[in-house]
Amino acid sequence: LETPATFPAHSVALQILGTFVLWVGWYGFNPGSALIIDNPGSTATAALCAITTTLAGASGCISCMFFDSLLEARTTGEVSYDLTMAMNGCLSGLVGVTAGCAVVAPWAAVVIGMVSGLVYMFVSKLLIKLKIDDAVDAVPVHFGNGIWGIIAVGLFAEESHMASAAYSTEHLGWFFSWANGSSDANLLLCQFCAVCWICGWVFFVMTPFFLVLNA
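Owing to the predicted nature of the structure, the values given are computational and were not obtained by experimental measurement.

A. Spatial organisation of helix α3 (residues 83–98). In a regular helix each residue adds 1.5 Å, so 16 residues correspond to 22 Å; α3 covers 23 Å between its end C-alpha atoms and thus fits that length. Burial within α3 is extensive, with 13 of its 16 residues counted as buried.

Right, here's the structure in full:
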């Protein structure tokens, strides 16, 4: 029989394994989805999706663990490296880049992943402060970074990648509009409206369900 002292190590090992299983699965989700597009640029788009997915997951992992360690050092004077923060930061980066994986450049995927790690940290600590129970931090990872990922498309969508993926290039990401001497923020506004619509839809459809379930 295993001693109780070995349980935490096994638990962490299973969490790490689960994170990598999800990460590998993301390659079927992001690049795999691009391969069903019937256009000449589908293979290039799938390759870009694989690159951006990898970079965002890795940068989310690093930024979340780094800033968590930095915050701990400032508050307690001690430094440790929390694998849970690293793994959830990784998943946050993967979630954050999913919406725009086909239309953002690799450098933008790194930025999106880094911000995703910070979004996760902020929302996770906010839930603790509000005393809301979320045992697996699903809200910070998926809700918080789902919103960030949608907004990121309106900021970082690049014309060449949008064209390759057979999207309209009439409106670009806001940063690229600035670079072209324009203040066109139509795509960013559309992404913001999408966030509002999704949140509204889920609220009005699921609230009655949960009220009945609770009763």
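B. The packing of aromatic side chains, seen in detail. Applying the stated rule across the entire model yields nine aromatic pairs. Measuring from ring centre to ring centre gives 5.2 Å for phenylalanine 66 and phenylalanine 67, while their planes differ by 80°; the resulting arrangement is edge-to-face. The exposure class of phenylalanine 67 is partly exposed, given its relative accessible area of 31%. With a centroid separation of 6.5 Å and an interplanar angle of 50°, the aromatic rings of tryptophan 107 and phenylalanine 176 are classed as tilted. One end of the pair, tryptophan 107, is in helix α4 (residues 106–129); the other, phenylalanine 176, is in helix α7 (residues 174–179), and 69 residues separate them in sequence. Take tryptophan 107: its relative accessible area is 47%, and that puts it in the partly exposed class. In this structure an aromatic cluster arises from ring pairing among Trp107, Phe156, Trp174, Phe175, Phe176 and Trp178.

C. View of the side chain of asparagine 145. Relative to the helices and strands, asparagine 145 resides in helix α5 (residues 138–156). Accessibility expressed as a relative area gives 0% for asparagine 145, which makes it buried. Setting aside chain neighbours within four positions, we find asparagine 145 in contact with Ser92, Val95, Gly96, Ser116, Val119, Tyr120 and Pro140.

D. View of the packing of helix α2 (residues 42–76) against α3. One way to put it is that α2 packs onto α3 with a least axis distance of 7 Å and a crossing angle of 140°. One way to sum up the angle between α2 and α3 is to call them oblique. Here α2 runs over α3; the crossing is right-handed. Between α2 and α3, the residues in contact are Thr52, Thr53, Ala56, Gly57, Gly60, Cys61, Cys64, Met65 and Asp68 and Met85, Ala86, Gly89, Cys90, Gly93, Leu94 and Val97, respectively. Of the residues that constitute the contact of α2 with α3, the class distribution is nine nonpolar, six polar and one charged.

E. The state of the cysteines, seen in detail. Counting across every chain of the model gives zero disulfides. Considering cysteine sulfurs only, cysteine 196 is the nearest to cysteine 193, which forms no disulfide, with 6.3 Å between them. By relative accessible area, cysteine 193 is classed as partly exposed at 42%. When its relative accessible area of 42% is taken as the criterion, cysteine 196 is described as partly exposed.

F. Highlighting the environment of isoleucine 147. One can find isoleucine 147 in helix α5. Separated by 67 residues in the primary sequence, isoleucine 147 and asparagine 214 have C-alpha atoms spaced 27 Å apart.

G. Focus on the confidence of the model for the protein. In this model, the protein carries a mean pLDDT of 90, and residues with pLDDT of at least 70 account for 95%. Across residues 1–7, where pLDDT falls below 50, the model places two contacts with residues more than four positions away in sequence or in other chains.

Reading the values: rules and limits
- Residues numbered from 1 in each chain as written.
- Predicted model: local features only at pLDDT ≥ 70, side-chain atom pairs only at ≥ 80, totals over all residues.
- Heavy atoms only, no water.
- Helix = DSSP H or I, 4+ residues; strand = E, 2+ residues; numbered from the N terminus.
- Expected span 1.5 Å × (residues − 1).
- Buried < 20%, exposed > 50% of the residue type's maximum accessible area, 1.4 Å probe, protein only.
- Phe/Tyr/Trp six-rings, centres within 6.5 Å; stacked < 30°, edge-to-face > 60°.
- Contact = heavy atoms within 4.5 Å.
- Axes fitted to C-alpha atoms, helices over the stretch in contact; angles between N-to-C directions.
- Parallel < 35°, antiparallel > 145°, perpendicular 65-115°, else oblique.
- Left-handed = near helix turned anticlockwise from the far one by under 90°.
- Nonpolar A, V, L, I, M, F, W, Y, C, P; charged D, E, K, R; others polar.
- Disulfide = S-S within 2.5 Å.
- pLDDT = per-residue confidence, 0-100.

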